[in-house]
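Architecture at a glance
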Amino acid sequence: SIQVCDQLGLSIKVNKLTKYQFDQILKIISQNYLVDSELKRVIKRDIKPLISIGCYRGFRHNAGLPLRDQRTHTNAKTCRKLRYVSIRSS
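On a predicted model such as this, the values are computed, not experimentally measured, just so you know.

1. Some words on the pattern of salt bridges
- Considering all chains together, one arrives at 1 salt bridge under this definition.
- A salt bridge links Lys19 to Asp23; the shortest N-O distance between them is 3.8 Å. Remark: Asp23 and Lys19 occur in helix H2 (residues 19-32); sequence separation between them is 4 residues, near one turn of the helix.
- Residue Asp23 is classed as partly exposed on the basis of its relative accessible area of 36%.

Set out below in structure tokens:
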């Protein structure tokens, strides 16, 4: 954010931005940085070879577990919780 504001010469609060300044910020971000679907596509492209060769990191990605030696016994409940979504029919 600091780099983008320096490029535009802005030093005001967000709620004081004009429509023109807001559009300029969006234009600079879209030109210089990966955002939204492009970023997701790049991340998936990087993970796919790890899964296909069957390495440890690929296995952890596939299982939805932490990759870099984090403790999983008492931590990492969020990533484990998201895997078990139950669908109940009435």
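2. Considerations on the confidence of the model for the protein
- For the protein, the average pLDDT comes to 82, and 83% of its residues sit at 70 or higher.
- Ranking the elements of the protein by mean pLDDT puts helix H5 (residues 77-81) last, at 63, and helix H3 (residues 36-53) first, at 91.

3. Description of the layout of surface pockets
- Of the pockets and cavities examined, the largest pocket occupies roughly 190 Å³.
- Every element with two or more residues in the lining of the largest pocket is listed here: helix H1 (2-8) and H2.
- For the lining of the largest pocket, the element with the most residues is H2, which contributes 3 residues.
- The residue makeup of the lining of the largest pocket, split by class, is 10 nonpolar, 1 polar and 1 charged.

4. Here we look at unusual backbone geometry
- A positive phi angle, close to 55 degrees, is found at Asp36, a residue other than glycine.
- Turning to its location among the elements, Asp36 is positioned in helix H3.
- For Asp36, a relative accessible area of 61% puts it in the exposed group.

About the cut-offs
- Residues numbered from 1 in each chain as written.
- Predicted model: local features only at pLDDT ≥ 70, side-chain atom pairs only at ≥ 80, totals over all residues.
- Heavy atoms only, no water.
- Salt bridge = Lys/Arg side-chain N within 4 Å of Asp/Glu carboxyl O.
- Helix = DSSP H or I, 4+ residues; strand = E, 2+ residues; numbered from the N terminus.
- Buried < 20%, exposed > 50% of the residue type's maximum accessible area, 1.4 Å probe, protein only.
- pLDDT = per-residue confidence, 0-100.
- 1 Å grid on protein atoms, 1.4 Å probe; cavity = no way out; pocket = protein on both sides within 12 Å on 5 of 7 lines; lining within 4 Å.
- Points joined across faces, edges and corners; volume = space filled by probe spheres on them.
- Nonpolar A, V, L, I, M, F, W, Y, C, P; charged D, E, K, R; others polar.

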